[in-house]
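A structural walkthrough
These are the residues of each chain, in order.
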Amino acid sequence: MKSNIKVLSLFFVLCILITGCKNSSFNKKININNINSDISGFYKKFSTDYLDEEITVVNKDIIGRDGEVVEYIDANNKVSRCTVIIYGENEKSTSEYYFIDGYIYVTTLKEYYTYPIYYSYNRPLDIMYRTFDEAVSYDGMIYELVNGEFIKKNIEDIKIPYTSLQEINEATGE
């Protein structure tokens, strides 16, 4: 009887430790300070590689939408960054995807026009307002930056056009 209690107690403690360790490593991945540090390191490496002409830039059209994709491919033939621009009658959306060690950091800038683009093709567009959103795609889940913390969101509720490189490639016909 005593050995059963010891085994159950040990099992319970191990479950708590495993759950705690799993959550702490997960939170470390989604921590805003770690993301900012990773982005800073990414920019430094990307800038150096770009200046050393180790980055190849490829432009592609989005099939079925008025938009384009710009892929930045590193020396290992891996997409390290991707820009998705989608034009609409009332807005323009520019999303930047940074593929960093197991997750994707995404920024989205939306510019809303004061009038629909078809209203006057001769006038320059005036921007009424802009919105800027940040998100992370990690392990099949989406987290949006809200008040300095990444909050888990439903994919349907997120404001980014694509959630993975595979979706981007499908949009361009690859």
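The following refers to the structure shown. If you're wondering where the values come from, they're calculated on a predicted model, not measured in any experiment.

The secondary structure content of the protein chain amounts to three helices and eight strands. Ordered by position from the N terminus, the helices and strands of the protein chain form the series α-α-β-β-β-β-β-β-β-β-α. Counting the 174 residues in the protein chain, one finds 36% classified as buried. Within the protein chain, residue pairs in contact and separated by at least 24 positions form 36% of the contacts whose partners lie at least 6 positions apart. Accessible surface, the protein chain: about 11400 Å² in total, of which carbon and sulfur atoms supply 53%.

A word on the environment of Ser 164. Relative to the helices and strands, Ser 164 is located in the loop between strand S8 (149-153) and helix H3 (165-171). For the pair Ser 164 and Ser 137, spaced 27 residues apart in sequence, the C-alpha to C-alpha distance is 7.6 Å. At 3.2 Å, the side chain of Ser 164 and the backbone nitrogen of Glu 167 are in polar contact.

Another point: the side chain of Thr 163. The residue Thr 163 is located in the loop between S8 and H3 in this model. Here Glu 167 takes part through its side chain, which lies 2.8 Å from a polar atom of the side chain of Thr 163.

Take the nonpolar core next. Counting residues in each nonpolar core, the largest one holds 18 residues, and the members touching the most others are Ile 62, Cys 82, Val 84, Tyr 97, Tyr 162 and Ile 168. Ranked by residue count, the leading element in this core is strand S3 (residues 79-87), at four residues. Every residue in contact with Ile 168, bar those within four places of it in the chain, is listed here: Val 69, Cys 82, Val 84, Tyr 97 and Tyr 162. Counting residues in each nonpolar core, the second largest holds 16 residues, with Ile 35, Tyr 103, Tyr 105 and Phe 150 among its members.

Taking strand neighbours across the sheet as the criterion, the eight strands line up as S1-S2-S3-S4-S5-S6-S7-S8 in an open arrangement whose pairing is antiparallel. Edge strands, defined here as strands with exactly one partner in the open sheet, are strand S1 (56-61) and S8. On average, adjacent strands in this sheet sit at an angle of 20 degrees to one another, irrespective of strand direction. Both strand S5 (residues 103-113) and strand S6 (residues 127-138) contribute to a ladder of eleven bridges, which runs antiparallel. Directly across from Val 106, in S6, lies its bridge partner Ala 135. Relative to the sheet, helix H2 (residues 32-51) contacts S1, strand S2 (67-73), S3, strand S4 (91-100), S5, S6, strand S7 (141-146) and S8, its axis offset from that of S4 by approximately 90 degrees.

Another aspect to go through is unusual backbone geometry. Phi is positive for Asp 101, close to 25 degrees, though the residue is something other than glycine. Counting through the fold element by element, Asp 101 comes out in the loop between S4 and S5. Judged by its relative accessible area of 65%, Asp 101 falls in the exposed class.

One pass over the full model with this rule turns up eight aromatic pairs. Centre to centre, the rings of Phe 42 and Tyr 98 are 5.4 Å apart; their planes meet at 85 degrees, and the pair counts as edge-to-face. Of this pair, Phe 42 sits in helix H2 while Tyr 98 sits in strand S4, placing them 56 residues apart in sequence. Taking the relative accessible area as the measure of exposure, Tyr 98 reaches 4% and is therefore buried. An aromatic cluster is defined as three or more aromatic residues linked by ring pairs; in this entry it consists of Phe 42, Tyr 43, Phe 46, Tyr 50, Tyr 72, Tyr 98 and Tyr 105. The ring of Tyr 72 has Arg 81 sitting right over it, with the charged end atom 4.9 Å from the ring centre.

Let us look at the pairing of S2. Buried residues dominate S2, accounting for six of its seven residues. Where S1 and S2 come together, six bridges link them in antiparallel fashion. By the bridge assignment, Asp 61 is partnered in S2 with Glu 68. Hairpin remark: S1 followed by S2, antiparallel, with five residues in the connecting loop; positive phi at Gly 64, about 85 degrees. By the bridge criterion, seven bridges tie S2 to S3 in an arrangement that is antiparallel. By the bridge assignment for S3, Glu 71 is matched with Cys 82. Remark: five residues form the turn of the hairpin made by S2 and S3, two consecutive strands paired antiparallel; Asn 77 in that turn has positive phi of roughly 60 degrees.

Calculation criteria
- Residues numbered from 1 in each chain as written.
- Predicted model: local features only at pLDDT ≥ 70, side-chain atom pairs only at ≥ 80, totals over all residues.
- Heavy atoms only, no water.
- Helix = DSSP H or I, 4+ residues; strand = E, 2+ residues; numbered from the N terminus.
- Buried < 20%, exposed > 50% of the residue type's maximum accessible area, 1.4 Å probe, protein only.
- Contact = heavy atoms within 4.5 Å.
- Areas by Shrake-Rupley, 256 points an atom, 1.4 Å probe, with all protein chains shown as cover.
- Polar contact = N/O pair within 3.5 Å; in protein donor to acceptor, adjacent residues only side chain to side chain.
- Core = buried A, V, L, I, M, F, W, Y, C linked by side-chain atoms within 4.5 Å.
- Pairing = 2+ DSSP bridges.
- Axes fitted to C-alpha atoms, helices over the stretch in contact; angles between N-to-C directions.
- Phe/Tyr/Trp six-rings, centres within 6.5 Å; stacked < 30°, edge-to-face > 60°.
- Lys NZ or Arg CZ within 6 Å of the ring centre and 35° of its normal.

Structural measurements only, silent on function.
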